[in-house]
Each structure stands twice: as structure tokens, then as C-alpha cells.
There are 2 protein chains.
Amino acid sequence: MSASINLISEYRCFKGTVGFCSHQSATCNSEMKFAVYQPPQAKLQPVPVLYFLSGLTCTEENFTTKAGAQRFAAEYGLMLVAPDTSPRNTGIAGENDDWDFGSGASFYVDATEEPWNQHYQMYSYIVQELPALIAEHFPVKSDKQGIFGHSMGGHGALVCALRNSEIFKSVSALAPIAAPMRCPWGQKAFTNYLGTNENTWRNYDASELVKAAKYNRPILIDQGSADKFLAEQLLPEIFEQACKDVNQPLTLRFHEGYDHSYYFISTFMEDHIRHHAAALCD
Amino acid sequence: MSASINLISEYRCFKGTVGFCSHQSATCNSEMKFAVYQPPQAKLQPVPVLYFLSGLTCTEENFTTKAGAQRFAAEYGLMLVAPDTSPRNTGIAGENDDWDFGSGASFYVDATEEPWNQHYQMYSYIVQELPALIAEHFPVKSDKQGIFGHSMGGHGALVCALRNSEIFKSVSALAPIAAPMRCPWGQKAFTNYLGTNENTWRNYDASELVKAAKYNRPILIDQGSADKFLAEQLLPEIFEQACKDVNQPLTLRFHEGYDHSYYFISTFMEDHIRHHAAALCD
């Protein structure tokens, strides 16, 4: 089965190419967009690929314009793929009403509740459809894939990797929502996407999943100590304790004075690309 | 005389601090905004300061979020100051009607024509008021100032430096409007800000100014070969020829495939910061 993609725009960047693409997603039953950075090495041979999942309200653009990741992707020869954070313009009533639910706020789950289950299948999209699409259209090593993300996307990256260690050989996160079952953002999203049975929520909570995941590779998490969402929404200490309980290797770093913004993300981007390159590049 | 500034927001970034500020400009007779990056070295001692002038439609935010300059400013110990590209909300009729004239399009001149001359005094603002304000409120070495910019801001940087070599000890530009008297953008702006007497335009045209400037320090210009504005609006070859005629040291580099965007700017940001650091840092 072949799927087509539409190249919306393209830009030279650090001797490689940034492309903005759209395609009809079978999984989400809607158009989806993503940005892809092809490093210069990809002109010669297949390269590892690193997915970045963005946070609430973001599109495929935020990471691509603000993170400063292309410099290091070009240095290490990594392809970067940054998908949009949800389906959009699905026609679901109220999809744009909340900034922390619906459009721009998929939480990377496969929704089971009406009407969201008609389109919001972002977990399967990230884990299955998007990697297959990338492998079909871009020169990537499909056995060398990593994933990382920020905030809601840090949650998504941890969940996707912990549940699919055979697909994602490396994972890291910046200020992730690390225990979504226990914070207001996660509870709101899970209730509406997954229903009220909290047992189903555990499939999308990194601090629950890690207990049985046997990921066996080091996880890197960076967190700003001045992040206004830290105490109520992010809860990295819960994930840290869960990792300790099962001997999951974790490096959790707190950085004094840094907040939740891309000024924080860009500061530590080099470290994250190095973390993935160490696992994915020869 | 002391002038106050208002700190709108502040972010930790690469061990330094990004701040967004506003103040009442006496020169422009309006509020003006700027972004400032204080590198970590500025906590210990005064540092050199590098001004970045942005292009058409930009504010103080574009460079600050997209250029990736803070990494290198932190490495070399340079303060970065990125002013907005014009006064705004002045009440001048039609100030927001055009994307290439009025708000976001000052062209960094001191307007002489009504009604623009009431507020659009950006040349004096950049050369005099802003450096004095920065020196009053931030730990900078006032004898170590450089300036660079992009597109309209590249034009502005070249003009400010060529006319004030004692103030700006280093200058560079990315895709500058290098001969504004001879391109539609410049002709439109100069006619409306300065009137129809082209003799007054020469004070704001780098390719004219360089003929008598005796800048005597190397100028760096980077230009994408796939920039859609290159042939009609930017005209770097005219500036190059003018430099040759007077033995002004110039490095003009064309980069295949690069366009006019921040993907181009960010790619060559490191080289520009190094160019200025070589002149400004001990």
C-alpha cells in the first residue's frame, strides 16, 4: 500500500532541507501535517530518524522554527520529524473550544470516546502510520528510530517508547507531563478521550508504564526549576520514583531559573540530540 | 538625564537571560520595544554589545526566537539587542496599511516628510537613543558595539555603521537591501519618508555611503542564491562593486539553495557572531 504526501514548502537549512508536508491520514481519518528535516548525510545514504512531539497549542512549526535542532541533526546525521499535535478541522463540535483539549491537544492517545474516536488516533498515528510513511518517502534507517518531546509531547514520547522499545531505540523528554493520571491536564484529557475507567488511562501514563516496560536504555529528562507548570502538571518526581522502583536508568536534571518555553528547550537541545545520536548513530 | 525601561518578560536561556522591554522613546515620540540577551558573562563584568536590526514585518521577537544567536552570544560573551522595526500605534493614518511601509517597515531612516517625521526617527533612535539607553541599564562596554541585520535590517546596519564607524566597530548583514535607491522597496520608502529629492536618499544607501565612508574594517555579507528578492530588491553586486572601487574590505558569500528565511539566517548566525566577536571581544 502506498500513501502520497504533499510538500507544502521547503527551505535549505544547515546544508540540509526543512520540508513542511501534509498527507491524508488513514489512522486519523483526516489531513495531518508534519515537518521533516533531512540532514546533508541523507543525500548519500539512509540515516536514523528522530521524532519530536510538541506540547499543547503547538503545530509542526514551533519546534522547527525555535528549537535550533537542525544544527545538531546536521552534525550527527539525524533526520528530524515533527508532527502536528492533533488532527484539525475534523468537524467535531467544539474541537477548537479549549486550548488544553481537542485541536492542538491530542495527548497522543487513541481516543475511545465519541466523537473523538473518529479522528483522534494519535498514538497509532505516531507509532505506526507516520514511521511507515516516513520510511516510504525519505531515506531513513527504520531500525534506528528515536523519539523525544516537550510537555504534552514529552508525555507522548515516553509513552510511545515505553510501549514500543523495539520501534523507538532511544527516548528523552523536556519538561514532560510525567504522570498524567495525577494532574489536571491529563485527567481532563483522559476522561474525555478515554472515558472514566482509569484502568485504560494506565496505557498512557509513563509513570505507570515504566513499572513493567523493561525499556533497559537510559532515559534523559530535563526540567526547568522555574517552570510554572512543574508542581501541578508535570510531576517528574513521580516518574523518577517509578524508575527507581524498577531500576529503569533515568537522568533527570533540574535547571535553575529555566521555565517552560523554547528558550529552555533550545538551551538543552544539543544534549538531547547527542543522547539520541549515541543510541542511533554508528 | 535618566530614562526608564519596562521589563515585559524575562526568560533564562543558555545560562543568560532574554528580556523583552519597552520604553518611551523621546526620539520617536512613541513607545518602542526591544529584546535584549544578557550572556552569563554580563553578571561578572561589562560586555560588548551587538545590535540586530530585523527585516520588513518583523518585531523584536523574530530574531530572538528563531535565529539561534543566544548560544553563540553566550559562548563569546556578547550582549544582543534586537529593537522593533518601527514605532507602532502612533496614530498616523494608514500606518498599518502596507506591509512594506509604515509599521514594521521604518527602513531605519529619520523621516523628513509629514506625517512620518513626527515618529519615524529610527536612524537617530538606533544610533543614539538606544545605545545610550542600553548603556544606562545594562552592563555593556560602550566602546565595543557592533551591528548587523537582515534584509531591511541589513540595509539599516550597513548604513548605521558606515556613517558611524566610531560607534559601531563591526558590521555584517544577511541578505541586505544593499542599494535601496535602486530597488522598489527602497524607492517607495525613501519617497514617502524622505521626499523626492534623491540627494537626501544617499545618506541611507550603503552602496552610496561606502564610497566615502572609509570604514576600514572587514564587512561580512551572506546571501542565499535562491532568495526570491535577490535580483529585484537586494542587489548585493552593486554594493560589492562600490566596495571594490574604494578598497573597502568585503566578504560577500553566496550560498546555493538558501532563501530569505530564518532557516537561512540561523544557518549562518554562528559565522556572524564570530565576525563580531573577533572585532569586539578581547
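Scroll up for the structure.
Remember, it's a predicted structure, so these values are computed and weren't measured experimentally.

Thresholds, definitions, all that
Residues numbered from 1 in each chain as written. Chains lettered and ligands numbered in written order. Predicted model: local features only at pLDDT ≥ 70, side-chain atom pairs only at ≥ 80, totals over all residues. Heavy atoms only, no water. Helix = DSSP H or I, 4+ residues; strand = E, 2+ residues; numbered from the N terminus. Rg over C-alpha atoms; globule rule 2.2 N^0.38 Å. Buried < 20%, exposed > 50% of the residue type's maximum accessible area, 1.4 Å probe, protein only. Contact = heavy atoms within 4.5 Å. Areas by Shrake-Rupley, 256 points an atom, 1.4 Å probe, with all protein chains shown as cover. Lys, Arg positive; Asp, Glu negative; His and termini not counted. Charge placed at Lys NZ, Arg CZ, Asp CG, Glu CD. Pairing = 2+ DSSP bridges. Axes fitted to C-alpha atoms, helices over the stretch in contact; angles between N-to-C directions. Polar contact = N/O pair within 3.5 Å; in protein donor to acceptor, adjacent residues only side chain to side chain. Least-squares fit on C-alpha atoms with pLDDT ≥ 70 in both. Salt bridge = Lys/Arg side-chain N within 4 Å of Asp/Glu carboxyl O. Phe/Tyr/Trp six-rings, centres within 6.5 Å; stacked < 30°, edge-to-face > 60°. Buried area = accessible area lost by both parts, 1.4 Å probe. Parallel < 35°, antiparallel > 145°, perpendicular 65-115°, else oblique. Nonpolar A, V, L, I, M, F, W, Y, C, P; charged D, E, K, R; others polar.

*Asks:* I'd like a rundown of the overall build of chain A, residues and numbers included.
*Replies:* Along its length, chain A carries 10 helices and 9 strands. The C-alpha atoms of chain A give a radius of gyration of 17 Å, which matches the 19 Å a tight globule of 282 residues would have. A principal-axis box enclosing the C-alpha atoms of chain A has dimensions of 50 × 40 × 35 Å. Buried positions account for 61% of the 282 residues belonging to chain A. In chain A, the share of contacts with a sequence separation of at least 24, taken over all contacts with a separation of at least 6, comes to 72%. Surface summary for chain A: the accessible area is close to 10,600 Å², and the carbon and sulfur share equals 46%. The distance from the centre of the 21 positive side-chain charges to the centre of the 31 negative ones in chain A is 7 Å.

*Asks:* Run through the sheet that holds strand β1 (residues 6–13) of chain B, naming residues and quoting values.
*Replies:* Residue and element names in this part refer to chain B. Pairing within the open sheet is mixed, and its 9 strands lie in the order β1-β2-β3-β5-β4-β6-β7-β8-β9. Of all the strands in the sheet, the pair left with one neighbour each is β1 and β9 (250–255). Between one strand and the next, the sheet's axes are offset by a mean angle of 20°, whatever the strand orientation. In the sheet, strand β8 (residues 219–224) pairs with β9 via 6 bridges, with the strands oriented parallel.

*Asks:* Just give me the short version of helix α7 (residues 206–213) of chain B, but keep the residues and values in it.
*Replies:* Owing to its 3.6 residues per turn, the α-helix brings residues three or four apart onto one side. Residues and elements named next belong to chain B. α7 sits mainly inside the fold: 6 of its 8 residues count as buried. Among all positions of α7, only Ala206, Ser207, Glu208, Leu209, Val210 and Ala213 are buried. The elements touched by buried residues of α7 are α4 (152–163) and α9 (236–245). For α7, the side-chain oxygen to backbone nitrogen distance between the N-cap and Ser207 is 2.8 Å, and the N-cap itself is Asp205. Once α7 ends, the next one or two residues include Lys214, with phi positive near 50°.

*Asks:* Can you lay out the relation of the copies chain A and chain B for me, pointing to particular residues and giving the numbers?
*Replies:* By a simple turn and slide, chain A fits onto chain B: the slide is 0.0 Å along the axis, the RMSD is 0.0 Å, and the turn is 180°. What we have between these two chains is a two-fold relation. The rotation axis passes nearest to the C-alpha of Lys66(A) in chain A, at a distance of 2.5 Å.

*Asks:* Pulling in residues and values, what's your account of the pairing of strand β3 (residues 30–38) of chain B?
*Replies:* Summarising the sheet, strand β2 (residues 16–25) of chain B and β3(B) pair through 9 bridges and their orientation is antiparallel. Paired with His23(B) across the strands is Met32(B), a residue of β3(B).

*Asks:* I'd like to hear about the pattern of salt bridges, residue by residue, with values.
*Replies:* All names here are of chain A. Evaluation of the coordinates by the stated rule reveals 22 salt bridges over all chains. Measuring nitrogen to oxygen at the nearest pair gives 3.4 Å for the salt bridge that ties Glu208 to Arg202. Residue classification places Glu208 among the buried residues on the basis of a relative accessible area of 17%. Residues Arg274 and Glu270 are paired through a salt bridge, measuring 2.2 Å at the closest nitrogen-oxygen approach. Here Glu270 and Arg274 lie together in helix α10 (residues 262–280), a separation of 4 residues that amounts to about one turn. Using a relative accessible area of 37% as the deciding quantity, one classes Arg274 as partly exposed. Owing to a relative accessible area of 18%, Glu270 belongs among the buried residues under this scheme. Bridged by salt links that share partners, the residues Arg182, Arg202, Glu208 and Lys211 form one connected network.

*Asks:* Describe the side chain of Gln223(A), with residues and values.
*Replies:* All names here are of chain A. With respect to the secondary-structure elements, Gln223 resides in strand β8 (residues 219–224). Looking at Gln223, the relative accessible area reads 0%, which means it is buried. A distance of 3.2 Å separates polar atoms of two side chains, one belonging to Gln223 and the other to Asp227.

*Asks:* Can you break down the packing of aromatic side chains residue by residue, with the values?
*Replies:* Residue and element names in this part refer to chain A. For the coordinates displayed, the defined rule picks out 38 aromatic pairs over all chains. A ring pair is formed by Trp116 and Tyr193, whose centres lie 5.9 Å apart and whose planes are at 90°; its orientation type is edge-to-face. Of this pair, Trp116 sits in the loop between β5 (79–83) and α3 (122–137) while Tyr193 is found in helix α5 (residues 184–194), placing the two residues 77 residues apart along the sequence. Tyr193 carries the same exposure label as Trp116, and that label is buried. Relative to Phe229, the ring of Trp185 has its centre 4.8 Å away and its plane inclined at 45°; by these criteria the two rings are tilted.

*Asks:* Break down the interface of chain A and chain B for me, citing the residues and quoting the values.
*Replies:* Taken together, the contact between chain A and chain B spans 23 residues of the former and 23 residues of the latter. Contact between chain A and chain B buries roughly 1,900 Å² in total, counting both sides, with carbon and sulfur atoms accounting for 54%. Area buried by chain A at its contact with chain B is led by Arg12(A), Arg71(A) and Tyr263(A), which between them contribute 38% of it. Between the two partners, chain A and chain B, sit 2 salt bridges. A salt bridge links Arg71(B) to Glu270(A), with the nearest nitrogen and oxygen atoms 2.8 Å apart. Scanning the region where chain A abuts chain B turns up 8 residue pairs in polar contact (both at pLDDT 80 or more). Elements with a contribution of two residues or more to the side of chain A that touches chain B: β1 (6–13), β2 (16–25), α1 (60–66), α2 (70–76) and α10 of chain A. Sorting elements by how many residues they give to the side of chain A that touches chain B places α10(A) first, with 5 residues.

*Asks:* I'd love a proper account of the sheet that holds β8(A), names of residues and values included.
*Replies:* All names here are of chain A. Strand order in this open sheet of 9 strands is β1-β2-β3-β5-β4-β6-β7-β8-β9, and the pairing throughout is mixed. Bordering the open sheet on either side are β1 and β9 (250–255), each of which pairs with just one other strand. Strand-to-strand twist in this sheet, taken as the mean axis angle between neighbours without regard to direction, amounts to 20°. Relative to β5, strand β3 (residues 30–38) is paired through 4 bridges, and the arrangement is antiparallel. By the bridge assignment for β5, Tyr37 is matched with Leu80. Strands in contact with helix α4 (residues 152–163) are β4 (47–53), β6 (140–150), β7 (170–174) and β8; relative to β6, the strand with the most contacts, it is inclined by about 140°. Against the sheet, α10 contacts β4, β5, β6, β7, β8 and β9, and its axis sits at roughly 170° relative to β7.

*Asks:* Quick rundown of the packing of helix α7 (residues 206–213) of chain A against helix α9 (residues 236–245) of chain A? Include the residues and the values.
*Replies:* All names here are of chain A. Remark: α7 packs on α9, axes separated minimally by 9 Å, with the N-to-C direction vectors making an angle of 10°. Accordingly, the angle class assigned to the pair α7 and α9 is roughly parallel. Together, Ala206, Ser207 and Val210 of α7 and Ile238, Phe239, Ala242 and Cys243 of α9 make up the contact between the two elements. Each residue belonging to the contact of α7 with α9 can be placed in one class, and the counts come to 6 nonpolar, 1 polar and no charged.

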